[in-house]
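Coordinate analysis (summary)
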Amino acid sequence: MRGFQSGDRDAILAAHESLQERRMTSNAARHAPVIIIGSGPAGYTAAIYAARALRKPMLIAGLQPGGQLTITTDVENYPGFADTIQGPWLMEQMRAQAKHVGTDIVEDIIVKAELDQRPFKLTGDSGQIYLADAVIIATGAQAKWLGLDSEHKFQGFGVSACATCDGFFYRGKGTEEPKGVTGIVIKNVKTGALEERKLDGVFVAIGHAPATELFKGQVAMKDSGYIIVKPGTTETNIPGVYA
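Below is a summary of the structure that appears in this document. (Residues numbered from 1 in each chain as written. Predicted model: local features only at pLDDT ≥ 70, side-chain atom pairs only at ≥ 80, totals over all residues. Heavy atoms only, no water.)

1. Thoughts on the side chain of E151
Using the following cut-off: The numbering of helices and of strands both runs from the N terminus, where a helix is a DSSP run of H or I of at least 4 residues and a strand a run of E of at least 2. When a residue's accessible area, from a 1.4 Å probe over protein chains only, is under 20% of the maximum for its type it is buried; when over 50% it is exposed; and in between it is partly exposed. Neither His nor the chain ends contribute to the count of charged residues, in which Lys and Arg are positive and Asp and Glu negative. Basic side-chain nitrogens of Lys or Arg form a salt bridge, by our definition, when they fall within 4 Å of a carboxyl oxygen of Asp or Glu. For this analysis, a polar contact is any N or O atom pair within 3.5 Å, provided that within protein one partner can donate a hydrogen and the other can accept it, and provided that sequence-adjacent residues contribute only side-chain to side-chain pairs.
Topologically, E151 is positioned in helix α4 (residues 149–153). For the buried E151, which has no salt bridge, the nearest side chain bearing the opposite charge is K144, at an N-O separation of 13 Å. At a separation of 2.8 Å, a polar atom in the side chain of E151 contacts the main-chain amide nitrogen of G147.

Following this line, the structure appears as structure tokens:
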């Protein structure tokens, strides 16, 4: 067996330094002039315009890449398409366009935002640190639901949270879905009486919950959680942060 020599020590030290360097590189903060949080239509639109303005944006996709349109089936009210299109397909096209013009799309979820320093510091669920000269908040809002099991079961099959979006599909005819909604039971909260009504569509319109919890205590908001911007602009109370 060959004894330990100085050359071996140098090789081990070099390998250790290389490993440390790789770890530091993988954990090093990533910087972008503009970081967009959220990947719904608003996020992709911001990314496309920022990229075409040569701002080299980074878009962090979040928990639901593509936003609520990824759980929407038929879309008839988006300009430019004479025929009905699918929500997930539309979001795939937006993503491809944003990437085509130069957006750096990152699959991560921001779990912490520090907006009291420049550059702004964002921490991803992956542990990655992101630094930005400007931040665009495009986290959107989620529809509020009643919390019924049947409500979840029939989403997209007669249950919707957007009458403006989906009401048109029920004009003058019932749903053609064999497993769709056929009726609801309504309870009178004063008398306790139950009433069953036959119908084909139910629209739950009890408001939305903005996904802004991450920014509370930093960005000015209404009591409802919606971010306050300067009239006629997308500027928040923090210079360089937009919504």
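Now that the structure has been shown, we can carry on.
2. Thoughts on the pairing of strand β11 (residues 183–187)
Our working rule: A strand pair is defined by DSSP finding two or more bridges across the two strands.
Where β11 and strand β12 (residues 194–198) come together, five bridges link them in antiparallel fashion. Among the inter-strand pairings, I186 is bridged to a residue of β12, identified as E195. Counted between consecutive antiparallel strands, the loop separating β11 from β12 contains six residues, among which G192 sits at a positive phi close to 80°.

3. Considerations on the packing of helix α2 (residues 41–52) against helix α3 (residues 87–100)
What counts is decided by this rule: Note on definitions: angles span 0 to 180 degrees between N-to-C directions of axes, and those axes are lines fitted to C-alpha atoms, for helices only across the stretch in contact. Oblique is the label for any angle not under 35 degrees, not over 145, and not in the 65 to 115 range, which are roughly parallel, roughly antiparallel and roughly perpendicular in turn. By convention, the crossing between two helices is left-handed when the near helix turns anticlockwise from the far helix through less than a right angle, and right-handed when the turn is clockwise. Pairs of residues are marked as contacts when any of their non-hydrogen atoms sit within 4.5 Å. The residue classification treats Ala, Val, Leu, Ile, Met, Phe, Trp, Tyr, Cys and Pro as nonpolar and Asp, Glu, Lys and Arg as charged. All others, Gly included, are polar.
Two elements in contact, α2 and α3, have axes separated by 9 Å at closest approach and are oriented at 20°. By the angle class used here, α2 and α3 are roughly parallel. Remark: the crossing between α2 and α3 carries left-handed chirality. Contacts between α2 and α3 involve P41, Y44, A47 and I48 from the former and M91, M94, R95, Q97 and A98 from the latter. Of the residues contributing to the contact of α2 with α3, the split by class is seven nonpolar, one polar and one charged.

4. Quick look at unusual backbone geometry
Between R118 and the following residue, P119, the backbone shows a cis peptide bond with an omega angle of -5°. Along the polypeptide, P119 turns up in the loop between β6 (110–114) and β7 (120–124). Even without being a glycine, L54 presents a positive backbone phi close to 65°. Counting through the fold element by element, L54 comes out in the loop between α2 and β2 (57–60). What makes L54 exposed here is its relative accessible area of 71%. One non-glycine residue, K56, lies in the positive phi region at around 50°. Within the secondary structure, K56 is located in the loop between α2 and β2.

5. Details of the pattern of salt bridges
If charged atoms from side chains of opposite charge come close, those side chains can pair. As enumerated under the stated definition, the model contains seven salt bridges in all. With a shortest N-O distance of 3.3 Å, E196 and K198 are connected by a salt bridge. Exposure remark for K198: the relative accessible area of 69% places this residue in the exposed category. The closest approach of N and O atoms between E235 and K230, which form a salt bridge, is 3.4 Å. Under the relative-accessibility criterion, E235 is labelled partly exposed at 33%.

6. A few points about the packing of aromatic side chains
We count it as follows: Pairing of aromatic rings covers Phe, Tyr and Trp, the last counted by its six-membered ring, and requires centre-to-centre distances within 6.5 Å; plane angles under 30 degrees mean stacked, over 60 mean edge-to-face, and any other angle means tilted.
Evaluated as defined, the whole model comprises two aromatic pairs. Their ring planes at 40° and their centres at 6.2 Å tell us that Y78 and F81 sit as a pair that is tilted. Judged by its relative accessible area of 31%, F81 falls in the partly exposed class. With a centroid separation of 5.7 Å and an interplanar angle of 85°, the aromatic rings of F81 and W89 are classed as edge-to-face.

7. Here we look at α3
As a reminder of what qualifies: Expected span of a helix, by definition, is 1.5 Å for each gap between consecutive residues, and there is one gap fewer than residues. An arc is given here, and it is the one of the directions from the helix axis to the C-beta atoms.
Taking 1.5 Å per residue as the helical rise, α3 with its 14 residues ought to reach 20 Å, and the 20 Å between its terminal C-alpha atoms agrees with that figure. G87, L90, M91, M94 and A98 are the residues of α3 that are buried. Along the long axis of α3, the arc covered by the buried residues comes to 95°, so they all point the same way. Summarising the geometry of α3, the exposed residues directed more than 90 degrees from the buried face are E92, K99 and H100. Next to the buried residues of α3 lie α2, β3 (74–75) and β4 (85–86). Just downstream of α3, G102 is the residue with a positive phi angle, here 120°.

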